[in-house]
Amino acid sequence: MQNQKYKAAIIGASGFTGSELARILSQHPQVEIKYITSESHQGRPFSDLHPQFLNIIDQALVSAEDIDVSSLDVIFLALPHGVSMDFVKKWKDSNCKIIDLSGDFRLASPEVYEAWYGKPHTYVEGFEGAAYGQPELFAEDIKRSSLIANPGCYPTASILSLAPLFFDNMVQNHSVVIDAKSGLTGAGVKASDTTHFSNVNENFKAYGVGVHRHTIEIEEQFSHLSDGEVQIQFTPHLLPIDRGILVTSYAKTKKLTTQEELLSLYQNFYADKPFVRVKTSVPSIKDVRGSHFCDIYPFWDKRTQRVVAIAAIDNLLKGAASQAVHNMNLVLGIEETAGLNQIPLRP
Ligand SMILES: NC(=O)C1=CN([C@@H]2O[C@H](COP(=O)(O)OP(=O)(O)OC[C@H]3O[C@@H](n4cnc5c(N)ncnc54)[C@H](OP(=O)(O)O)[C@@H]3O)[C@@H](O)[C@H]2O)C=CC1
Ligand SMILES: CC(=O)N[C@@H](CCC(=O)OP(=O)(O)O)C(=O)O
């Protein structure tokens, strides 16, 4: 029903992805934002906390404890991992679709979660029936699920950069290296030593080498796509910019011979995916900033016999908030592209 307005709540709206969700949902033709929550700022107008919303969203932030979930169709959890799981448990029997932006339900099992997140999971039953919310790859699972685990930002760009190769079983195992760079908003709204201006400004560094939790998330999805055990080398880096992710993925392939063959493989794979743009030149972060696009350039290096796939996304949007809205469109049966037509902000 095109005129129906679905009622939504954004939980954790004082943070970065919560405010981006509000920006997108406030312009979505089929959504009414019923509640916006914050525990530390309850009672304050949303636009007081996020001044860009002045005269657009002035409604007061409320505590998540005070919302009436029976009046809602969809709940977005823009909360830290380890916190989301308690809300999923609490609202599991509501009729709402829950879209969780955290990593709490993205992995295959509570045991894998504990191994990579370093703490036990407190709602293990939630894993059953949770869909991994990568709309380009798992739309049918997403449509059937009541709990959607929105992918991480690095995994979104990394998975999309090599999915066509894994889907066709063309990658030589253990050959994949993913070098990823993210803007600072990926670290969330809370200030820390890592995000201190003088530690970031005019600086560039790697972190989480060999141990970042997105390694397993990417490995699981590649294994799922190719029906085999995939191991990757994943290294994230912190860029001195607000938003955006650029990944460069390297893979040895089994049977590729030309650039044309590689390009048509990617073009065919993403032919009916409106938000993945396969390019014939390198993408940059400003080509996608502020939008739901993922731009990918697949390059076949004949000399080294490697594929180099470069992908760019906006971490707060395709890597989080707009991806969550894309998942909402799928699960509520709304036109897939509704509310997601933002043109990238350049310059
Ligand atoms: N930033 C990004 O680029 C991406 C983030 N994600 C994931 O999305 C989720 C939200 O991310 P983001 O918006 O960046 O996070 P932020 O840190 O910016 O915001 C999270 C919000 O959660 C609320 N909150 C509720 N309970 C707690 C708690 N116990 N500890 C800390 N905060 C709490 C806080 O609001 P209040 O206290 O007001 O209630 C806070 O503002 C996270 O799980 C993140 O990993 C995923 C992909 C990309
Ligand atoms: C720059 C930066 O710090 N990025 C975050 C990832 C953000 C994200 O997508 O993380 P989740 O899996 O927690 O949702 C990090 O490396 O921890």
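Keep in mind it's a predicted model, so treat the numbers as computed, not measured.

Here we take up the domain arrangement of the protein. Taken domain by domain, the protein consists of domain 1 (6-150 + 320-332) and domain 2 (154-313). Centre-to-centre, using C-alpha coordinates, domain 1 lies 25 Å away from domain 2. Taken together, the contacts link 20 residues of domain 1 with 28 residues of domain 2. Summing the contributions of domain 1 and of domain 2, the shared interface buries around 2000 Å²; its carbon and sulfur component is 61%. When the buried surface of domain 1 facing domain 2 is broken down by residue, F16, W116 and E136 rank first, second and third, together holding 33% of it.

Now for the environment of F46. Relative to the assigned elements, F46 resides in helix α2 (residues 46-49). The buried category is assigned to F46, whose relative accessible area is 0%. Along the chain, F46 and N341 lie 295 residues apart, while their C-alpha atoms are 24 Å from each other. Excluding its chain neighbours within four sequence positions, the residues that come into contact with F46 are A13, S19, A22, I36, F53, I57, D58, Q59 and L61.

This brings us to the site of ligand 1. Near ligand 1 lie 26 residues; those nearest to it are S14, S38, E39, S40 and L79. With respect to ligand 1, the side chain of T17 contributes an N or O atom lying 2.8 Å from an oxygen atom. A distance of 3.4 Å separates an oxygen atom of ligand 1 from a polar backbone atom of L101. In isolation ligand 1 offers 880 Å² of accessible surface; the protein chains occlude 78% of this area. Looking at the shell around ligand 1, its residues break down into 10 nonpolar, 14 polar and two charged. Inspection of the shell around ligand 1 shows a minimum of three residues originating in each of domain 1 (6-150 + 320-332) and domain 2 (154-313).

Space left empty within the atom packing is revealed by a probe, the size of a water molecule, rolled over the atoms. By the definition in use, this model includes one cavity of 30 Å³ or more. Considering only enclosed or pocket space, the largest cavity measures out at about 40 Å³ in volume. As for the largest cavity, its lining consists of N199, V200, N203, F204, K205, L238 and L239. Partitioned by chemical class, the residues of the lining of the largest cavity number four nonpolar, two polar and one charged.

Taken in spatial order, the seven strands make up an open sheet running β8-β9-β7-β10-β13-β12-β11, and their pairing is mixed. Two strands bound the open sheet, and with one partner strand each, they are β8 (205-206) and β11 (276-278). Taken strand by strand, helix α8 (residues 214-226) contacts β7 (176-182) and β9 (232-238), and its axis lies near 135° from that of β9.

All right, on to the site of ligand 2 then. Neighbouring ligand 2 are 15 residues, the closest being R106, C153, Y207, R213 and H214. Contact distances for ligand 2 include 2.6 Å between an oxygen atom and a side-chain N or O atom of R213. Here H214 contributes a side-chain N or O atom positioned 2.4 Å from an oxygen atom of ligand 2. Coverage of ligand 2 by the protein amounts to 84% of the 440 Å² it exposes when considered alone. Of the pockets mapped on this structure, ligand 2 occupies the largest pocket.

So, about the packing of aromatic side chains. In this structure the tally under the stated criterion is 12 aromatic pairs. Through a chain of ring-to-ring contacts, the aromatic side chains of F105, Y123 and F127 assemble into a single cluster. The positively charged end of R277 is found above the aromatic ring belonging to F293, 3.8 Å away from the centroid.

UniProt annotation of "active site" (unreviewed entry) refers to C153 when read in the numbering used here. As for its position among the elements, C153 is in helix α6 (residues 153-167).

Looking now at the nonpolar core. In this structure, L165, F222 and M328 are the most contacted members of the largest nonpolar core, which totals 86 residues. With nine residues, α6 is the single largest residue contributor to this core. Split by domain, this core shows at least three residues from each of two domains, domain 1 (6-150 + 320-332) and domain 2 (154-313). Core analysis: the second largest hydrophobic core is formed by 25 residues, I11, L79, C96 and I216 among them.

A word on the pattern of salt bridges. Summed over all chains, the structure comprises 16 salt bridges. When the shortest N-O distance is used, the salt bridge between R44 and D48 registers 3.3 Å. Accessibility expressed as a relative area gives 42% for D48, which makes it partly exposed. A salt bridge links D295 to R277; the nearest nitrogen and oxygen atoms lie 2.7 Å apart. Within this pair, whereas D295 is found in strand β12 (residues 294-301), its partner R277 is found in strand β11, the two being separated by 18 residues in sequence.

About the cut-offs
- Residues numbered from 1 in each chain as written.
- Chains lettered and ligands numbered in written order.
- Predicted model: local features only at pLDDT ≥ 70, side-chain atom pairs only at ≥ 80, totals over all residues.
- Heavy atoms only, no water.
- Domains from an automatic or database assignment.
- Contact = heavy atoms within 4.5 Å.
- Buried area = accessible area lost by both parts, 1.4 Å probe.
- Helix = DSSP H or I, 4+ residues; strand = E, 2+ residues; numbered from the N terminus.
- Buried < 20%, exposed > 50% of the residue type's maximum accessible area, 1.4 Å probe, protein only.
- Near = heavy atom within 4 Å.
- Polar contact = N/O pair within 3.5 Å; in protein donor to acceptor, adjacent residues only side chain to side chain.
- Areas by Shrake-Rupley, 256 points an atom, 1.4 Å probe, with all protein chains shown as cover.
- Nonpolar A, V, L, I, M, F, W, Y, C, P; charged D, E, K, R; others polar.
- 1 Å grid on protein atoms, 1.4 Å probe; cavity = no way out; pocket = protein on both sides within 12 Å on 5 of 7 lines; lining within 4 Å.
- Points joined across faces, edges and corners; volume = space filled by probe spheres on them.
- Pairing = 2+ DSSP bridges.
- Axes fitted to C-alpha atoms, helices over the stretch in contact; angles between N-to-C directions.
- Sits in = over half its atoms within 2 Å of the grid points.
- Phe/Tyr/Trp six-rings, centres within 6.5 Å; stacked < 30°, edge-to-face > 60°.
- Lys NZ or Arg CZ within 6 Å of the ring centre and 35° of its normal.
- UniProt positions renumbered as here; feature names shortened; annotations may be inferred.
- Core = buried A, V, L, I, M, F, W, Y, C linked by side-chain atoms within 4.5 Å.
- Salt bridge = Lys/Arg side-chain N within 4 Å of Asp/Glu carboxyl O.

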